Amino acid sequence: MPSSRLSRLALTASVASLAVLATACGGTAGSESGSAAEPVGSADQPVTLTYWSSSAGAQQTADAFNKTHKNIRVTFSAVPGGPDGAAKLSNAVKGGNAPDVATMDYSSLPEFASGGNLEDLSATSGKLVAEKFPKAVQSLVSLGGRTWAVPFDVTPLELFYRKDIFEKHGVAVPTTWEEYKQAAEKLNKADPSVRITNFGGGDPAVLAGLSWQAGAQWYGTEGDKWKVAIDDPASRKVASYWNGLLTSGLASKTPLWGEGEAKERSSGQVATVIGAAWTAGTFLASYPDLTGKWGIAPLPTWDGKPATGMYGGTSYIVPKGSKHTKAAAEFIAWVTTDPEAVKARLSSLKAPSSALPANPEMRVAAAKLFDASYFAGQDPYALAGAAADTIVPGWTWGPTHLQVNAAQNAAGADQLKALSEGQAAAEKAIKDRGLGLVG
């Protein structure tokens, strides 16, 4: 049966179940994935798993697993991240030569699931996800009542700020977005070369995370149709706020991730950075001369109550067609919950990482390997862990978000345009795939 027909059948379930993903993947209640007949290997005849990832330290993690597990051998291959990596994986599934295990951004999971590219991990990893990971990330990988991936990290948005700049001009660290705007005004008035941050496009995931914090839900289903609400009131409130800061010159229009961004941050031309848990590690590598000058605070909120969204994040999947789902589940369980896995990953990196494991037990091991002196004694892992507890629940991604991301990226610094272009792109892509659309 064509995947589009399967998707429409699955969409007859409720919004909460998002059953579109269950049926679209070709799985059924009697799926053979992880069946008892599947070989799990032995010391004499180990099962060989192929593993693709763009994550730093993945090779060393696989090596550490191989040293301690004799029944399974993992062979690793580095692949590109982002859209290029997603395209490579999709083509591999279609060609019948996909890996047994791969990493994937949370935002890409529904698209891959509804395209029939993922194995249903409910039987092999469902209990693990339910027992070992926070509910805020469970909803990103357990869709339609089934488990399609296992979380690796959780990525709460946080505020990174130049303590020396705030102190020099007597400005308090903001706790609300209104205070953030006031801080921008005071800092820029005191020193016109300083703007509150750079927000000139280049990474639509930031706008998504901020909309998430504001209570938006960009995707859902109604009956047998997808609902898209990217250009909704909550998101427009966020976009209008940022367009106002950009228009008034209080925020820089320099795009994210470019050379201009690094120059502004290193020279003190921006006083804050809206980042995630993983951002802390990039500061140590990118701005070593600013040790002790950067601080970390909770993301400002609209009403003063703790709340945040997520910015990025990675999960482990088993691509469709793997003959070793039980062995893959054993490797995935180890790499996402065993402290030795995070030790192998972090100790191998030339640059420090502050990625916050979704599994709380792994955070302890990760924190011990991070040099917190850069932040003058602040513990990035403890702060990120606290922020993770305030992630607004209920967010899910849609079945065509790769197209949405491209459209929003093309909108540049205009955040309202990014919303409208994203809405249009989502609606078109869903219709093009033969899925039902509300409205």
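As a reminder, the structure under discussion sits directly above these lines.
The following refers to the structure shown. Being a predicted model, the structure only gives us computed values, none of them experimental. (Residues numbered from 1 in each chain as written. Predicted model: local features only at pLDDT ≥ 70, side-chain atom pairs only at ≥ 80, totals over all residues. Heavy atoms only, no water.)

### Observations regarding the nonpolar core
Argument step 1. Core analysis: the biggest nonpolar cluster contains 126 residues, and Tyr51, Tyr180, Leu210, Tyr219, Trp242, Ile274 and Phe375 have the highest contact counts within it.
Argument step 2. Considering every element that reaches this core, the biggest residue donor is helix α11 (residues 233-247), with seven residues.
Argument step 3. Setting aside residues up to four positions removed in sequence, Tyr51 forms contacts with Ala58, Ala62, Val74, Thr75, Phe76, Ser77, Pro99, Val101, Ala102, Thr103, Tyr316 and Phe331. (Core = buried A, V, L, I, M, F, W, Y, C linked by side-chain atoms within 4.5 Å. Buried < 20%, exposed > 50% of the residue type's maximum accessible area, 1.4 Å probe, protein only. Helix = DSSP H or I, 4+ residues; strand = E, 2+ residues; numbered from the N terminus. Contact = heavy atoms within 4.5 Å.)

### Regarding the packing of helix α10 (residues 204-213) against α11
Argument step 1. Direction vectors running N to C along α10 and α11 enclose 125°, while the axes themselves pass 8 Å from each other. Our classification of the angle between α10 and α11 gives oblique. Crossing angle aside, the handedness with which α10 passes α11 is right-handed. Counted together, Leu207, Leu210 and Ser211 of α10 and Ser235, Val238 and Trp242 of α11 form the full contact between these two elements. (Axes fitted to C-alpha atoms, helices over the stretch in contact; angles between N-to-C directions. Parallel < 35°, antiparallel > 145°, perpendicular 65-115°, else oblique. Left-handed = near helix turned anticlockwise from the far one by under 90°.)

### As for the pattern of salt bridges
Argument step 1. The final tally for this structure, using the stated rule, is eight salt bridges.
Argument step 2. The partner of Asp120 in a salt bridge is Arg146, with the nearest N and O atoms 3.4 Å apart. Of this pair, Asp120 sits in the loop between α5 (109-114) and α6 (122-132) while Arg146 sits in strand β5 (residues 146-147), and the two are 26 residues apart along the sequence. For the pair Asp120 and Arg146, a shared accessibility class is recorded, and that class is buried.
Argument step 3. One salt bridge in this structure joins Lys428 and Asp432, with 2.7 Å as the shortest N-O distance. Residue Lys428 and its partner Asp432 are located together in helix α19 (residues 415-432), separated by four residues, close to a single helical turn. Like Lys428, the residue Asp432 is exposed in the burial classification. (Salt bridge = Lys/Arg side-chain N within 4 Å of Asp/Glu carboxyl O.)

### Section: the packing of α6 against helix α14 (residues 325-337)
Argument step 1. Here α6 crosses α14 at 15°, and the two axes come no closer than 9 Å. Overall, the two elements α6 and α14 adopt an arrangement that is roughly parallel. Along this stretch, α6 crosses α14, giving a crossing that reads as right-handed. Where α6 approaches α14, its residues Thr124, Ser125, Leu128 and Lys132 are matched on the opposing element by Thr325, Lys326, Ala329, Ala333, Thr336 and Thr337.
Argument step 2. Residue composition of the contact of α6 with α14, grouped by class: three nonpolar, five polar and two charged. (Nonpolar A, V, L, I, M, F, W, Y, C, P; charged D, E, K, R; others polar.)

### Some details on the sheet that holds strand β10 (residues 272-275)
Argument step 1. Judged by pairing direction, the sheet is antiparallel, and its three strands sit side by side in the order β10-β7-β11 without closing on themselves. The outermost strands of the open sheet, each flanked by one partner alone, are β10 and β11 (294-298). Mean inter-strand twist for the sheet, computed between neighbouring axes without regard to direction, equals 25°.
Argument step 2. Alignment of strand β7 (residues 158-162) against β10, held across four bridges, turns out to be antiparallel. Bridge assignment links Glu158 to a residue of β10, and that residue is Gly275. (Pairing = 2+ DSSP bridges.)

### Brief notes about the packing of aromatic side chains
Argument step 1. Throughout the structure, instances matching the rule amount to 27 aromatic pairs.
Argument step 2. Ring geometry for Tyr51 versus Tyr316: centroids 6.1 Å apart, planes at 35°, classification tilted. With Tyr51 in strand β1 (residues 47-53) and Tyr316 in strand β12 (residues 314-317), this residue pair connects regions lying 265 residues apart in the sequence. Judged on exposure class, the residue Tyr51 and its partner Tyr316 are both buried. (Phe/Tyr/Trp six-rings, centres within 6.5 Å; stacked < 30°, edge-to-face > 60°.)

### Observations regarding the environment of Ala407
Argument step 1. Tracing the backbone shows Ala407 in helix α18 (residues 401-410).
Argument step 2. Here Ala407 falls in the buried class, since its relative accessible area comes to 17%.
Argument step 3. When the C-alpha positions of Ala407 and Leu419 are compared, they lie 9.2 Å apart, and in sequence the two are 12 residues distant.
Argument step 4. If we ignore the near neighbours within four places in the chain, the residues touching Ala407 are Glu421 and Ala425.

### Quick notes on the sheet that holds strand β6 (residues 150-151)
Argument step 1. Taken together, the five strands give an open sheet; going across it, the order is β2-β1-β3-β12-β6, and neighbouring strands pair in mixed fashion. Sheet topology places β2 (72-78) and β6 at the edges, where each strand pairs with a single neighbour.
Argument step 2. Pairing of strand β3 (residues 101-105) with β12 involves four bridges; the strand directions are antiparallel. Residue Met104 lies in a different strand from β12, and its bridge partner there is Ser315.
Argument step 3. Its contacts with the sheet put α14 on β1, β2, β3, β6 and β12, and the angle it makes with β1 is roughly 50°.

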